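# Observations on chain architecture
In case you want the letters, here they are:
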Amino acid sequence: MAFIKLNRKKLQENYAFLDRTFKSRNIKWGVVSKLLCGNELYLKEIIALGVKEIHDSRVSNLRKIKELDPNSITVYIKPPAKRSIPDIVKYADISFNTEIYTIQTLSKEAIKQNKTHKIIIMIEMGDLREGVMGEELVEFYGNILKLPNIEIVGIGTNLNCLSGIMPTQDKLIQLSLYKQLIEAKFNIKIPLVSGGTSVAIPLILKNARPMAVNHFRIGEALFFGKDLFTGDTMEGMHNDVLKLYAEIIEITEKPDTPIGELGESGVGTSYIPSDSDDLGITSLRAILDIGLLDMQPQYIEAEDSDITIIDASSDMLVIDISSSKEPYKVGDLVSFKIQYMGALYLLNSDYIGKTMG
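This section reports on the structure supplied with the text. (Residues numbered from 1 in each chain as written. Predicted model: local features only at pLDDT ≥ 70, side-chain atom pairs only at ≥ 80, totals over all residues. Heavy atoms only, no water.)

### Considering the overall build of the protein chain
The following threshold applies: In this text, helices come from DSSP runs of H or I with a minimum length of four residues, and strands from runs of E with a minimum of two, each type numbered from the N-terminal end. Partly exposed residues are those whose accessible area sits between 20% and 50% of the maximum for their type, while under 20% is buried and over 50% is exposed, using a 1.4 Å probe and protein chains only. We call two residues in contact whenever any of their non-hydrogen atoms come within 4.5 Å of each other.
Along the backbone of the protein chain there are 10 helices and 16 strands. Based on the C-alpha atoms only, the size of the protein chain along its principal axes is roughly 80 × 45 × 40 Å. Counting all 357 residues of the protein chain, 49% fall into the buried class. Across the protein chain, contacts joining residues at least 24 apart in sequence account for 65% of those joining residues at least 6 apart.

Below, the structure written as structure tokens:
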């Protein structure tokens, strides 16, 4: 058995910290819920915080959010796929867009559904994921400005999500200049300038954000409190809102070195012998009821610092407990801190329980 536990109190405290940070600077923000993979128990907890704007990259998750709270503002945070557009118009109040054809299709679908669909135009600013090229932005904006049943509510950018480009003050100043350019060219007002995700929080805390950048999408910081510039936990926040627990199903003293003819394992890896191998060395190994089907070992860390993760197969994780001071026995639970990507794997697995605490 293995399960994730969400600490309600720590989640509430992280949310309160973020809400104070943004409100005191007159910044609008929404919670990115894609980490939760549509889990209803956890989505209800997010809504209970008082969150009014929820972002996700799966339209099925937005549908569930609308079912739980029809008043939530739902935001689809990647360019819509053509075949998903009917559901996106139905369940997303706002979507991020970069293609004229897609926005034209959204317009036609919004007419069919007798709705006005709001969009944010994403601009490429160096990370090389989604975004309209800056030199094409004015023409792009002009081509979609008059489309029926489409309301352009903002511009935005994504940084640090693919190539690791950081949201520096210069980058955000550049984004605010795009706002000025479009407003001057078309004699309009752009309500939202969405400056990025959790990675931008250190800039906000230093008051290094241009005032025109007035909107952010926050997921990782809410659950992990991480300063993505330094890798440290931000002061006043918790890094363990989510924890993993896995049950021990075997404990045995075993050799450190495999014995027999070596080949490729079932997961495509092979043990590489070395000159330091000693068939006489053994260690106390525990096997946990969780494996690669549910998680990746590099994204989890045992809370007991004397435990070493050895390796994993599809449905079992092997750890070395030789140095631990804890008297572990079969049936005990071993707890782990989780990184963001580790939580994505775990929360997407139907085999991992999801609980509250």
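The structure having been displayed, the exposition proceeds.
### Quick word on helix H1 (residues 8-23)
So the rule is basically this: How far a helix is expected to stretch is found by multiplying one less than its residue total by 1.5 Å.
Taking 1.5 Å of rise per residue, the 16 residues of H1 would be expected to cover 22 Å, and the 22 Å separating its terminal C-alpha atoms lies within 8% of that figure. Those residues of H1 that are buried are in contact with strand E1 (2-6), strand E2 (28-32), helix H2 (40-48), helix H8 (201-205), strand E9 (215-218) and helix H9 (220-224).

### Details of the packing of H2 against helix H3 (residues 59-68)
How we decide: Structural elements are reduced to axes, namely lines fitted to C-alpha atoms, with helices fitted over the stretch in contact, and the angle between N-to-C directions of any two is expressed from 0 to 180 degrees. Orientation categories follow fixed angle ranges, with anything under 35 degrees roughly parallel, anything over 145 roughly antiparallel, 65 to 115 roughly perpendicular, and all other angles oblique. The hand of a helix crossing depends on one turn: near helix anticlockwise from the far one by less than a right angle means left-handed, and clockwise means right-handed. Residue polarity is assigned by list, with Asp, Glu, Lys and Arg as charged and Ala, Val, Leu, Ile, Met, Phe, Trp, Tyr, Cys and Pro as nonpolar; anything else, Gly included, falls into the polar class.
Following both chains from N to C, one finds H2 and H3 inclined at 60°, their axes separated by 10 Å at the closest point. With respect to each other, H2 and H3 are oriented oblique. The element H2 and its partner H3 pack so that their crossing is right-handed. On the side of H2, the interface is formed by Glu-40, Leu-43, Lys-44 and Ile-47, while H3 contributes Lys-64, Ile-65 and Leu-68. Taken together, the residues that form the contact of H2 with H3 break down as 4 nonpolar, no polar and 3 charged.

### A look at the packing of aromatic side chains
Here is the rule: What counts as a ring pair is set by centres within 6.5 Å for rings of Phe, Tyr and Trp (its six-membered ring), and what kind of pair is set by the plane angle: stacked under 30 degrees, edge-to-face over 60, tilted for all other angles. The criterion for a charge sitting over a ring is simple: Lys NZ or Arg CZ within 6 Å of the ring centre, and within 35 degrees of the ring normal.
All chains considered together, the criterion is met by 7 aromatic pairs. Consider the rings of Tyr-15 and Trp-29, whose centres lie 5.4 Å apart with planes at 35°: the pair is tilted. On the criterion of sequence distance, the pair formed by Tyr-15 in helix H1 and Trp-29 in strand E2 is long-range, its members being 14 residues apart. The exposure classification of Tyr-15 matches that of Trp-29, with both residues buried. By way of ring pairs, the aromatic residues Tyr-15, Phe-22, Trp-29 and Phe-216 are connected into one cluster. Over the face of the ring belonging to Tyr-245 we find Lys-5, whose NZ or CZ atom lies 5.6 Å from the ring centre. Residue placement shows Arg-63 over the ring face of Tyr-91; its charged tip is 5.8 Å from the ring centre.

### Quick notes on the pattern of salt bridges
The condition that has to hold: Between Lys or Arg on one side and Asp or Glu on the other, a salt bridge is scored when a side-chain nitrogen of the former is within 4 Å of a carboxyl oxygen of the latter.
A complete count under the given rule lists 12 salt bridges for this structure. The salt bridge partner of Asp-332 is Lys-329, with a shortest N-O separation of 3.2 Å. The exposure class of Lys-329 is exposed, given its relative accessible area of 52%.

### Comments concerning the environment of Leu-203
Position of Leu-203 among the secondary structure elements: in helix H8. On the accessibility criterion, Leu-203 (11% relative accessible area) is buried. In this structure the C-alpha to C-alpha distance between Leu-203 and Tyr-178, which are 25 residues apart in sequence, comes to 20 Å.

### Thoughts on the packing of helix H6 (residues 137-144) against helix H7 (residues 169-186)
Between H6 and H7, the least distance of the axes is 11 Å, while the angle of their chain directions is 50°. The orientation of H6 relative to H7 falls into the category oblique. Classified by chirality, the crossing of H7 by H6 is right-handed. Within the contact between the two elements, H6 uses Leu-137, Val-138, Tyr-141 and Gly-142 and H7 uses Tyr-178, Leu-181, Ile-182, Lys-185 and Phe-186. Grouping the constituent residues of the contact of H6 with H7 by class yields 7 nonpolar, 1 polar and 1 charged.

### Looking at the pairing of strand E10 (residues 242-255)
Operational definition: The criterion for strand pairing is that DSSP finds at least two bridges linking the strands in question.
Sheet topology places E1 next to E10; 5 bridges connect them, and they run antiparallel. Residue pairing in the sheet places Leu-6 in a bridge with Leu-242 of E10. Note that E10 and strand E15 (residues 333-338) share 5 bridges and pair antiparallel. Bridge assignment links Ala-246 to a residue of E15, and that residue is Val-334. Sheet topology note: the E10/strand E11 (residues 282-288) ladder contains 7 bridges and is antiparallel. Within E11, the position partnered with Ile-251 by the bridge is Ala-286.

### Some details on the pairing of strand E13 (residues 308-312)
When E13 meets strand E14 (residues 317-320), the two strands line up antiparallel, connected through 4 bridges. Each residue of the ladder has a partner; that of Asp-311, found in E14, is Val-318. Between E13 and E14, which follow one another and run antiparallel, lie 4 residues.

### Description of the layout of surface pockets
What counts here: Two kinds of site are reported from a 1 Å grid over the protein atoms alone, namely cavities, where a 1.4 Å probe fits but cannot get out, and pockets, open sets with protein on both sides within 12 Å along at least five of seven lines, and residues are called lining when an atom falls within 4 Å of a point. Grid points are joined across faces, edges and corners, and a volume is the space filled by probe spheres set on the points.
The calculated volume of the largest pocket comes to roughly 820 Å³. Along the wall of the largest pocket there are 27 residues; nearest its centre are Lys-34, Cys-161, Tyr-340, Met-341 and Leu-344. Contributions of two or more residues to the lining of the largest pocket are made by E9 and helix H10 (340-347). Take the lining of the largest pocket: its biggest share by element is 3 residues, from H10.

Distances and angles like these do not, on their own, reveal function.
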